[in-house]
Amino acid sequence: MFTHLTAVVLSLAGVTAAPVSLVPAADREIVFTVDGTTTYGTLHVPAHHTGQRLRAALLLPGSGPTDRDGNQAHTSPNTLAQVADALDHDRVATLRFDKYGTGRTGLGAYRDHPEKLDYPAFVRQAKAAYESLRDQPETNPHALTVVGHSEGAMTALLLGSTARPRPTGLALLQPQAIRLLDLVALQLHAQIAEAVRQGQLTPEQQHSIDAAIDAAVTAVREHRPVDTTGLPPAVAQLFKAFQGQNSRFVDSDDAVYPPDAAASLRPGTRVLVTCGTNDAQVPCTTTDALTAALRRAHVSGPVRMPLPGVDHLLHDADHPSTLAPAVLDVLHRFARC
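Residues numbered from 1 in each chain as written. Predicted model: local features only at pLDDT ≥ 70, side-chain atom pairs only at ≥ 80, totals over all residues. Heavy atoms only, no water.

Next up on the list: the pairing of strand 5 (residues 54-60). Regular strands show a simple pattern: their side chains alternate between the two faces of the sheet. Of all seven residues in strand 5, six are buried; the element is thus mostly enclosed. Two elements, strand 5 and strand 7 (residues 139-149), share six bridges in a ladder whose sense is parallel. Each residue of the ladder has a partner; that of Ala57, found in strand 7, is Thr145. When strand 5 meets strand 6 (residues 92-97), the two strands line up parallel, connected through five bridges. Along strand 6, the bridge assignment pairs Leu59 with Arg96. After leaving strand 5, the chain enters helix 2 (residues 79-88) and then returns to the sheet as strand 6, a path that is right-handed. (Buried < 20%, exposed > 50% of the residue type's maximum accessible area, 1.4 Å probe, protein only. Helix = DSSP H or I, 4+ residues; strand = E, 2+ residues; numbered from the N terminus. Pairing = 2+ DSSP bridges. Right-handed = clockwise from strand over helix to strand, strands pointing away.)

Here it is as structure tokens:
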């Protein structure tokens, strides 16, 4: 009604309204520097009107050498690329980047000393990415959110209280919600229990291996050599890696207890926590303490949303290579709040 009335008034005045141009959706390479490392990423800008400032989300990948699209050397689920595509439908701009050890970024300043790379370095890199997203001409700096997957969700939680301006919302997808080594032990215990169920190990062997796993976790935390005598070879190799080149990262990551980080969030921050019922890596029970801490922090939103049949990569049985419909639904609901 008002648009029509304005057009009539302009016509009577002999003035022609200038057409509003639509800028098509596009990807743009983004480069920023943090701690002496040039970091490369992709900014996706949805279709928008010229001069329009869009809501925007920083996307953070899971653990290990996971690149801007959510891929590793031998697996390509395209998790973050698909999240970016989903948010495009709600006209949310997104930035995803190659974290240390991946893509065009590589190890950067840590190339000659990879053993010095710790978890706080990844948090600083994510914070620099958030600031880069904030400063883009198409983004609204007062409508920024952070969407993290797995370990990236824990990083998102930390950014929630340290980034400026503070994010208006956090989407923590299948988050690392307990200490790293506790999560590793839980996963290993589950694998040993499954081996017993399949008849590959006896209950007596299970008891012995479980005890050796718990002892190994304690040794890593106390910076003592791990006794690998009672551990299966693959598990023994894992704990050796924790005390080798990766020890600094493991120590600093394991030092973070996500429920404690939740207490620093600003009341009213929108928070979404998802957990998939088919997620063997991050079972829903591991998010209990985090969910309780978020409620005590008086955040808003659905807080925790269980996703029936969804695995850690956000797939289900009918959608093995794309985001499950349940995931798309919660992402759209989060974006539209």
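From this point, the narrative continues.
This part is about the state of the cysteines. What the rule picks out here adds up to one disulfide. With its sulfur 2.1 Å from that of its partner, Cys275 forms a disulfide with Cys284. On the sign convention where negative is left-handed, the bridge of Cys275 and Cys284, at about 95 degrees about the S-S bond, is right-handed. Free of any disulfide, Cys337 has its nearest cysteine sulfur in Cys275, 18 Å distant. (Disulfide = S-S within 2.5 Å.)

This model, assessed by the stated rule, comprises six aromatic pairs. Pairing Phe122 with Phe249 gives two aromatic rings, centres 5.6 Å apart and planes at 80 degrees, and the pair type is edge-to-face. With a gap of 127 residues between them, Phe122 in helix 3 (residues 119-134) and Phe249 in helix 8 (residues 247-254) connect regions that are remote in the sequence. The ring of Tyr40 carries Arg104 above its face, with NZ or CZ at 4.0 Å from the centroid. (Phe/Tyr/Trp six-rings, centres within 6.5 Å; stacked < 30°, edge-to-face > 60°. Lys NZ or Arg CZ within 6 Å of the ring centre and 35° of its normal.)

Spanning 16 residues, helix 3 covers 23 Å between terminal C-alpha atoms, matching the ideal 22 Å at 1.5 Å per step. Looking only at helix 3, the buried set comprises Tyr119, Ala121, Phe122, Val123, Gln125, Ala126, Ala128, Ala129, Tyr130, Ser132 and Leu133. (Expected span 1.5 Å × (residues − 1).)

This paragraph deals with the pattern of salt bridges. Within the structure shown, the criterion is met by 17 salt bridges. Here Arg68 and Glu29 are joined by a salt bridge, their closest N and O atoms 3.0 Å apart. Taken as a pair, Arg68 in the loop between strand 5 and helix 2 and Glu29 in strand 2 (residues 26-34) lie far apart in primary sequence, 39 residues in all. Among the salt bridges present, the one from Arg221 reaches Asp182, with a minimum N-O distance of 3.0 Å. Here the residue Arg221 occupies a position in helix 6 (residues 203-221), and Asp182 occupies one in helix 5 (residues 180-197), the gap between them amounting to 39 residues. The exposure class assigned to Arg221 is partly exposed, which follows from its relative accessible area of 28%. Overlapping salt bridges bring together Glu29, Arg68, Asp98 and Arg104 as one network. (Salt bridge = Lys/Arg side-chain N within 4 Å of Asp/Glu carboxyl O.)

When you tally the buried positions in strand 7, you get eight out of 11 residues, the bulk of the element. Note: strand 7 against strand 8 (residues 169-173), five bridges, orientation parallel. Note on strand 8: the bridge partner recorded for Val147 is Ala171. Handedness of the β-α-β unit built from strand 7, helix 4 (residues 151-162) and strand 8 comes out right-handed.

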